[in-house]
Amino acid sequence: PGFEQTLILKCASRADVAAGLRSNLGHLLRCGAVIRSVDNLGERRLPLNMRAPVGDKPLVGHYFLVHFESPPGVKDRLRPLQRLDPFMIRGHVCDKTEADWVRPCSTGEQCKFGEKDKPNFEQAYAVKRGYRHY
Amino acid sequence: MLRCRLVLTAVGRGKLGLSTGAAPAGQTDPDMPLADMPDPYKKPIKKCVLCRQDVPLDYKNARLLSQFVSPYTGRIYGRHITGLCQPMQERVAELVKKSQKFGYMSQNIKETFFLSDPALFRNPLSGPSVAAPASKSSKPSTSSTESEKDGN
């Protein structure tokens, strides 16, 4: 099945980023992946405090999006290889079945937007107030 | 003297050019209302903003997902604030969590360069509702090579 990986690499220099990309794509190939494409999303300021597996806390990262195909279980095989990678900040893998999500209203199901789920809410959940006679 | 009443059958009436009493084409009974007429009392289907515009959601589209997140705490607004239908609200929440995990969005804040985005709903912390041009806000920022450097 198809997967996509958001690879965030440390930005030291162009050569380091290239070396990091080469090593991370090598990890994928070692796990039996067939790499389809690599998209460069550019250098961005990291939105949250990320701790790299090896090294200090960087402030800027170089984002790549890797599309590949591999047998299932690639995440478990990739984890030990990424653990000691000196170039990577994050490299989470996601499968492409997320794109198959379909809105319930597009399949003909009646959308319940604007309708009350519990029309008799006040009658059903009213709390009796007053003194109890006992 | 015999009196006989002439009773014409439907076939006979048809031959003489009279109305046969049969229903018009596509209808069983001529006295009943038309079967293929649309219900004039049917209410129009109301949809939330995302369903109406058929906006494609993606975890990489941090700009679109940040519109449903508080700028102060980074928390996802509830359905009574966003005005989304339940499946879309769950989907947005799921994608925000995924985006945060993958490193596209922050968990505690909203990016400063997203603050000037048009509001899709009335923010509880701001003033009166902001009329948002739906076409502009529904335009997703695709994963392009834009570099998001420090917005300050």
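Each remark here, short or long, concerns the structure printed above.
Small disclaimer: the values here were computed from a predicted structure and weren't measured.

(A) Focus on the overall build of chain A. Along chain A, the regular secondary structure elements total three helices and four strands. Since a compact globule built from 134 residues should have a radius of gyration of about 14 Å, the 24 Å found for chain A marks it as more spread out than a globular shape. Along the longest, intermediate and shortest principal axes, the C-alpha atoms of chain A span 80 × 40 × 30 Å. Long-range contacts, defined as pairs at least 24 residues apart, comprise 75% of the intrachain contacts of chain A with a sequence gap of at least 6. When the accessible surface of chain A is summed, it comes to about 8900 Å², and 53% of that surface belongs to carbon and sulfur atoms. Chain A carries 22 positive and 15 negative side-chain charges, and their two centres are separated by 7 Å.

(B) A look at the overall build of chain B. Counting its secondary structure elements, chain B contains six helices and zero strands. The order of helices and strands in chain B, counted from the N terminus, is α-α-α-α-α-α. Per-residue burial for chain B yields a buried fraction of 30% across its 152 residues. Taking the contacts inside chain B whose residues are at least 6 apart along the sequence as the reference set, 61% of them involve residues at least 24 apart.

(C) Representation of the sheet that holds strand 2 (residues 34-45) of chain A. Pairing is antiparallel in the open sheet, where four strands are placed in the order 2-3-1-4 (chain A). Strand pairing shows two members of the sheet lacking a second neighbour, strand 2 and strand 4 (88-95) of chain A, which therefore form its edges. In this sheet, adjacent strand axes meet at a mean angle of 15° when their direction is disregarded. The pairing of strand 1 (residues 2-10) of chain A with strand 4 of chain A spans seven bridges and is classified as antiparallel. Bridge pairing in strand 4 of chain A places phenylalanine 3 of chain A opposite aspartate 95 of chain A. Against the sheet, helix 2 (residues 74-83) of chain A makes contact with strand 1, strand 3 (60-69) and strand 4 of chain A, and its axis sits at roughly 175° relative to strand 4 of chain A, the strand it touches most. Here helix 5 (residues 86-102) of chain B sits on the sheet and contacts strand 1 and strand 4 of chain A; the angle it forms with strand 4 of chain A, its principal contact strand, is near 145°.

(D) Fine view of the side chain of serine 99 of chain B. Looking at the element boundaries, serine 99 of chain B is found in helix 5. Once residues within four sequence positions are removed from consideration, serine 99 of chain B is found in contact with Tyr59, Leu65, Tyr104 and Met105 of chain B.

(E) Main features of the packing of aromatic side chains. Summed over all chains, the structure comprises seven aromatic pairs over all chains. Relative to phenylalanine 68 of chain A, the ring of phenylalanine 3 of chain A lies with its centre 5.6 Å away and its plane at 20°, an arrangement referred to as stacked. Linking phenylalanine 3 of chain A in strand 1 with phenylalanine 68 of chain A in strand 3, this pair joins segments that are 65 residues apart in sequence. The exposure classification of phenylalanine 3 of chain A matches that of phenylalanine 68 of chain A, with both residues buried. Taking the centre distance of 5.8 Å and the plane angle of 45° together, the rings of tyrosine 63 of chain A and tyrosine 104 of chain B count as tilted. One end of the pair, tyrosine 63 of chain A, is in strand 3; the other, tyrosine 104 of chain B, is in the loop between helix 5 and helix 6 (134-137), on a second chain.

Procedures and definitions
Residues numbered from 1 in each chain as written. Chains lettered and ligands numbered in written order. Predicted model: local features only at pLDDT ≥ 70, side-chain atom pairs only at ≥ 80, totals over all residues. Heavy atoms only, no water. Helix = DSSP H or I, 4+ residues; strand = E, 2+ residues; numbered from the N terminus. Rg over C-alpha atoms; globule rule 2.2 N^0.38 Å. Contact = heavy atoms within 4.5 Å. Areas by Shrake-Rupley, 256 points an atom, 1.4 Å probe, with all protein chains shown as cover. Lys, Arg positive; Asp, Glu negative; His and termini not counted. Charge placed at Lys NZ, Arg CZ, Asp CG, Glu CD. Buried < 20%, exposed > 50% of the residue type's maximum accessible area, 1.4 Å probe, protein only. Pairing = 2+ DSSP bridges. Axes fitted to C-alpha atoms, helices over the stretch in contact; angles between N-to-C directions. Phe/Tyr/Trp six-rings, centres within 6.5 Å; stacked < 30°, edge-to-face > 60°.

All we've got here are geometric facts, nothing functional implied.
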